[in-house]
Amino acid sequence: MTRILKILFLIAFLGTGALVLHAQDVEFTGATKNNVQVGEQFRVVYTVNKQADGFEGPKFEGFNVLSGPNQSTSQSYQFINGKVSQSYQVTYTYYIQALNEGTFTINPAKLVTGGRTYESNSLTVNVSQGTASQAPAQSQQRNKSNQQSGGTPDKNDIFIKAIVDKSRPYQGEQIII
């Protein structure tokens, strides 16, 4: 009888240890530049170390959302001296543009994983007037030089022609360029 209790205790103990190892804390954070200029394009990145069931990005008040959320996943396994370690990371990236001068707070993003809702940190971005007019001026200068050259290529122009080995690949199939 005591032998059965010892075996049950051992199974319960080992099972609890496995659950503790599997139940990694969820880390959900946001990051971006602190100081930008009006008209500047920059990234806002949210990362989490677990598979997410649902992601809800913040409202980017005072900013123009150019792209996002763009999701990427990274997973790695390490086997070192017989010990196994695993890391998993999902990244949600937004590309945004500052519209007005001032200090803006980007509210936390929300994430649902394992039936629980998590919030990232809020982000503060200082937008200054600076020399944001340089970017449109450079773009206009490029357009003028292209118009003046009559469309003839110069040393700064690039032409790339990509040919693939399969004209109708299925989703996820490897193609050779």
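Refer to the structure above for everything that follows.
Residues numbered from 1 in each chain as written. Predicted model: local features only at pLDDT ≥ 70, side-chain atom pairs only at ≥ 80, totals over all residues. Heavy atoms only, no water.

**Remarks on the overall build of the chain**
Note the following rule: Only runs of H or I of at least four residues qualify as helices and only runs of E of at least two qualify as strands under DSSP, and these elements are numbered from the N terminus. Each residue is placed in one exposure class: buried if its accessible area under a 1.4 Å probe, protein chains only, is under 20% of its type's maximum, exposed if it is over 50%, and partly exposed if it falls in between. Throughout, a contact is declared for two residues whenever any of their heavy atoms are within 4.5 Å. Every accessible area reported is derived by Shrake-Rupley at a probe size of 1.4 Å, with residue values counting cover from the shown protein chains alone.
Summing up its helical and strand segments, the chain has two helices and 10 strands in all. Going from N to C terminus, the chain has its helices and strands arranged as α-β-β-β-β-β-β-β-β-β-β-α. Put simply, the chain has 177 residues, and 21% of those count as buried. In the chain, the proportion of contacts linking residues at least 24 apart, taken out of those at least 6 apart, comes to 64%. Accessible area for the chain stands at about 13,700 Å²; split by element, carbon and sulfur atoms hold 52% of it.

**A look at the sheet that holds strand E5 (residues 63-80)**
For clarity, the threshold we go by: In this analysis, strands are considered paired if DSSP registers two or more bridges between them. Throughout, an axis means a line fitted to C-alpha atoms (over the contacting stretch in the case of helices), and angles, computed between N-to-C directions, take values from 0 to 180 degrees.
One open sheet holds the four strands; their spatial order is E1-E3-E6-E5, and the pairing between them is antiparallel. Each edge of the open sheet carries a strand with a single partner, namely strand E1 (28-32) and E5. The average undirected angle you get between the axes of adjacent strands in this sheet is 20 degrees. Bridge count for strand E3 (residues 41-48) against strand E6 (residues 83-98) is eight bridges, and the pairing is antiparallel.

**Examining a nonpolar patch on the surface**
The line we're drawing: Residues forming no salt bridge and having over 30% relative accessible area are the ones grouped into patches, like charges within 9 Å of each other and nonpolar side chains (Val, Leu, Ile, Met, Phe, Trp, Tyr) within 5 Å. When a carboxyl oxygen of Asp or Glu is within 4 Å of a side-chain nitrogen of Lys or Arg, the pair counts as a salt bridge.
A contiguous nonpolar surface patch, about 380 Å² in accessible area, is contributed by Tyr 77, Phe 79 and Val 84. Topologically, Phe 79 is positioned in strand E5. Relative accessible area serves as the criterion here: at 65%, Phe 79 is assigned to the exposed category.

**Considering the side chain of Ser 120**
Applicable threshold: For the purposes of these results, a polar contact is taken to be a pair of N or O atoms within 3.5 Å, where, inside protein, one atom must be able to donate a hydrogen and its partner to accept one; residues adjacent in sequence count only when each atom of the pair is a side-chain atom.
Counting through the fold element by element, Ser 120 comes out in the loop between strand E9 (116-119) and strand E10 (123-128). Relative accessible area serves as the criterion here: at 7%, Ser 120 is assigned to the buried category. Separated by 3.0 Å, the side chain of Ser 120 and the backbone nitrogen of Ala 109 make a polar contact. Each residue touching Ser 120, except ones within four places of it in the same chain, is listed here: Phe 28, Thr 29, Gly 30, Tyr 46, Pro 108 and Ala 109.

**Structural notes on the packing of aromatic side chains**
Defined as follows: Two rings from Phe, Tyr or Trp (for Trp, the six-membered ring) form a pair when their centres are within 6.5 Å of each other. A pair whose planes differ by under 30 degrees is stacked, one over 60 is edge-to-face, and the rest are tilted.
Going through the model one piece at a time under the given rule, you end up with eight aromatic pairs. Considering the side-chain rings of Phe 42 and Phe 63, the 5.8 Å spacing of their centres and the 80 degrees angle between planes classify their relative orientation as edge-to-face. Within this pair, whereas Phe 42 is found in strand E3, its partner Phe 63 is found in strand E5, the two being separated by 21 residues in sequence. Neither residue differs from the other here; Phe 42 and Phe 63 are each classed as buried. With centroids separated by 6.4 Å and ring planes inclined at 90 degrees, the aromatic side chains of Tyr 46 and Tyr 94 adopt a geometry described as edge-to-face. Taken together, the positions of Tyr 46 in strand E3 and Tyr 94 in strand E6 put the pair 48 residues apart, joining distant regions of the chain. Neither residue differs from the other here; Tyr 46 and Tyr 94 are each classed as buried. Chaining the aromatic ring pairs together yields one cluster made of Phe 28, Tyr 46, Phe 55, Phe 60, Tyr 92 and Tyr 94.

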